[in-house]
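Tertiary structure, described
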Amino acid sequence: MPNCPACHGVSTYEGFTLEAIRDWGTEELIAKAVAAQEAATVAQPAAEAAAPVEATD
């Protein structure tokens, strides 16, 4: 991860659970988090179905 050329700081990202967002988030933020989680849940089974299956002979 590259440092900022101006201040030499490093950006980090910390994910939050939906429960945590419900504790402190606005209604709009909670709705966005719910929609994102639902989209991820729908995309995950599709990705698993497309994954190659190894033979177990």
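The residue count restarts for each chain, going from 1 along the sequence in the order it is written. Per-residue local features are limited, in this predicted model, to residues with pLDDT of at least 70; the limit for side-chain atom pairs, both in listing and counting, is 80 or more; totals at the level of whole chains, interfaces and linings are taken over all residues. Side-chain measures were taken over the full set of non-hydrogen atoms in the model, leaving aside hydrogen atoms and water.

With that out of the way, let us pick up a nonpolar patch on the surface. Taken together, the side chains of Phe16, Trp24 and Leu29 define a hydrophobic patch exposed on the protein surface, amounting to about 320 Å² of accessible area. Each helix corresponds to a stretch of at least 4 residues labelled H or I by DSSP, and each strand to a stretch of at least 2 residues labelled E; elements are numbered beginning at the N terminus. Note on placement: Leu29 falls in helix α2 (residues 27-50). Note on Leu29: relative accessible area 33%, which makes it partly exposed. Distance thresholds for patches are 9 Å for like charges and 5 Å for nonpolar side chains (Val, Leu, Ile, Met, Phe, Trp, Tyr), applied to residues having over 30% relative accessible area and no salt bridge. What sets the accessible areas is the Shrake-Rupley method with a 1.4 Å probe; for residues, cover comes only from the shown protein chains. In the sections that follow, a salt bridge refers to a side-chain nitrogen of Lys or Arg positioned within 4 Å of a carboxyl oxygen of Asp or Glu. Partly exposed residues are those whose accessible area sits between 20% and 50% of the maximum for their type, while under 20% is buried and over 50% is exposed, using a 1.4 Å probe and protein chains only.

As a further point, take the packing of aromatic side chains. Pairing of aromatic rings covers Phe, Tyr and Trp, the last counted by its six-membered ring, and requires centre-to-centre distances within 6.5 Å; plane angles under 30 degrees mean stacked, over 60 mean edge-to-face, and any other angle means tilted. Here the structure, examined in full by the defined rule, presents 1 aromatic pair. Between Phe16 and Trp24, the ring centres sit 5.5 Å apart and the planes meet at 75°, which makes this aromatic pair edge-to-face. In this structure Trp24 comes out as partly exposed when scored by relative accessible area, which is 49%.

Moving on, we come to the pattern of salt bridges. Scanning the model with the defined rule gives 1 salt bridge in all. Between Lys32 and Glu28 there is a salt bridge, with the nearest N and O atoms lying 3.6 Å from each other. Of the two residues, Lys32 and Glu28 are both situated in helix α2; the distance of 4 residues between them amounts to about one turn of the helix. Residue classification places Glu28 among the exposed residues on the basis of a relative accessible area of 53%.

What follows deals with the environment of Leu18. The topology assignment puts Leu18 in helix α1 (residues 18-24). Residue Leu18 is classed as buried on the basis of its relative accessible area of 12%. We call two residues in contact when some of their heavy atoms are within 4.5 Å. Leave out the neighbours within four places in its chain, and Leu18 touches Ala33, Val34 and Gln37.

Time to look at the environment of Ile21. For Ile21, the position within the fold is in helix α1. Separated by 12 residues in sequence, Ile21 and Ala33 place their C-alpha atoms 7.7 Å apart. Discounting residues that sit within four places of it in the chain, Ile21 has contacts with Phe16, Leu29, Ile30 and Ala33.

Right, let's talk about the environment of Ile30 for a bit. Within the secondary structure, Ile30 is located in helix α2. We classify Ile30 as buried; its relative accessible area is 13%. Taking the C-alpha atoms as reference, Ile30 lies 9.8 Å from Ala20; in sequence the two are 10 residues apart. Look past the residues within four positions of Ile30 in its chain and what remains in contact with it is Ile21, Arg22 and Gly25.

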